[in-house]
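# Structural overview for review
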Amino acid sequence: MSNTFDQDFCPACGTILPLPDGSSMIQCLLCRKIQDISVFHGAQSTVHVDFRSTRDERKESDAGDTVEGTMIQRKCPRCGNDEMAFTTRQLRSADEGQTVFYLCPKCSFQEIENS
Ligand SMILES: [Zn+2]
Ligand SMILES: [Zn+2]
């Protein structure tokens, strides 16, 4: 690409405005109207900002209510599988201790233990 600089058009007469000479003001050669090109370029840069995509990604990882945790060596009392997923959750107040959840990935058996 040889001409990467955005050419602006005069909103009054449609003539291509001359390239800026360092200042943000350009005078149209045809109708002599003075344009502030920083307005054009400021509007262009905000179009590409997308806040929603990052917010959605974070929501997905937080909202996961399925019990997923560290796999530990623990025999499932139902199916005998020797690995269970281990997660802890703080219920109610801190002085009541945390609740430990065990989940068998094989049969979905859930064991809850209060410490
Ligand atoms: Zn003009
Ligand atoms: Zn099991």
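Named according to an unreviewed UniProt entry, the chain is DNA-directed RNA polymerase subunit originating from Adineta ricciae. In its Sequence similarities (unreviewed entry) section, UniProt records this for the chain: "Belongs to the archaeal rpoM/eukaryotic RPA12/RPB9/RPC11 RNA polymerase family." Recorded under Subcellular location (unreviewed entry), the UniProt text for the chain is reproduced unchanged: "Nucleus, Nucleolus".

### Describing the coordination of the zinc ion (ligand 1)
Looking at the zinc ion (ligand 1), the protein donor atoms are Cys-10 (SG), Cys-13 (SG), Cys-28 (SG) and Cys-31 (SG), and they sit 2.3 Å from it. Mapping the donors of the zinc ion (ligand 1) onto the primary sequence yields the spacing C-x2-C-x14-C-x2-C. Of this pair, Cys-10 sits in the segment before β1 (25–27) while Cys-31 sits in the loop between β1 and β2 (34–36); the two residues are 21 residues apart in sequence, bridging distant segments of the chain. Judged by relative accessible area, Cys-31 falls into the partly exposed class, the value being 34%.

### Looking at the pattern of salt bridges
The final tally for this structure, using the stated rule, is 2 salt bridges. Residue Glu-111 is joined to Arg-74 by a salt bridge in which the shortest nitrogen-to-oxygen separation is 2.8 Å. A residue pair is termed long-range when its members are at least 10 positions apart, and Glu-111 in strand β6 (residues 110–114) and Arg-74 in the loop between β3 (70–73) and β4 (83–90) qualify at 37 residues. Taking the relative accessible area as the measure of exposure, Glu-111 reaches 22% and is therefore partly exposed. A residue is classified by how much of its surface remains accessible, and Arg-74, at 22% relative accessible area, is partly exposed. With its nearest N and O atoms 3.5 Å apart, the salt bridge here joins Glu-113 to Arg-74. Taken together, the residues Glu-113 in strand β6 and Arg-74 in the loop between β3 and β4 connect sequence positions 39 residues apart. Because the salt bridges share partners, they merge into one network encompassing Arg-74, Glu-111 and Glu-113.

Conventions and cut-offs
Residues numbered from 1 in each chain as written. Chains lettered and ligands numbered in written order. Predicted model: local features only at pLDDT ≥ 70, side-chain atom pairs only at ≥ 80, totals over all residues. Heavy atoms only, no water. UniProt positions renumbered as here; feature names shortened; annotations may be inferred. Donors = N, O, S within 2.8 Å, 3.2 Å for Na, K, Ca; no water. Helix = DSSP H or I, 4+ residues; strand = E, 2+ residues; numbered from the N terminus. Buried < 20%, exposed > 50% of the residue type's maximum accessible area, 1.4 Å probe, protein only. Salt bridge = Lys/Arg side-chain N within 4 Å of Asp/Glu carboxyl O.

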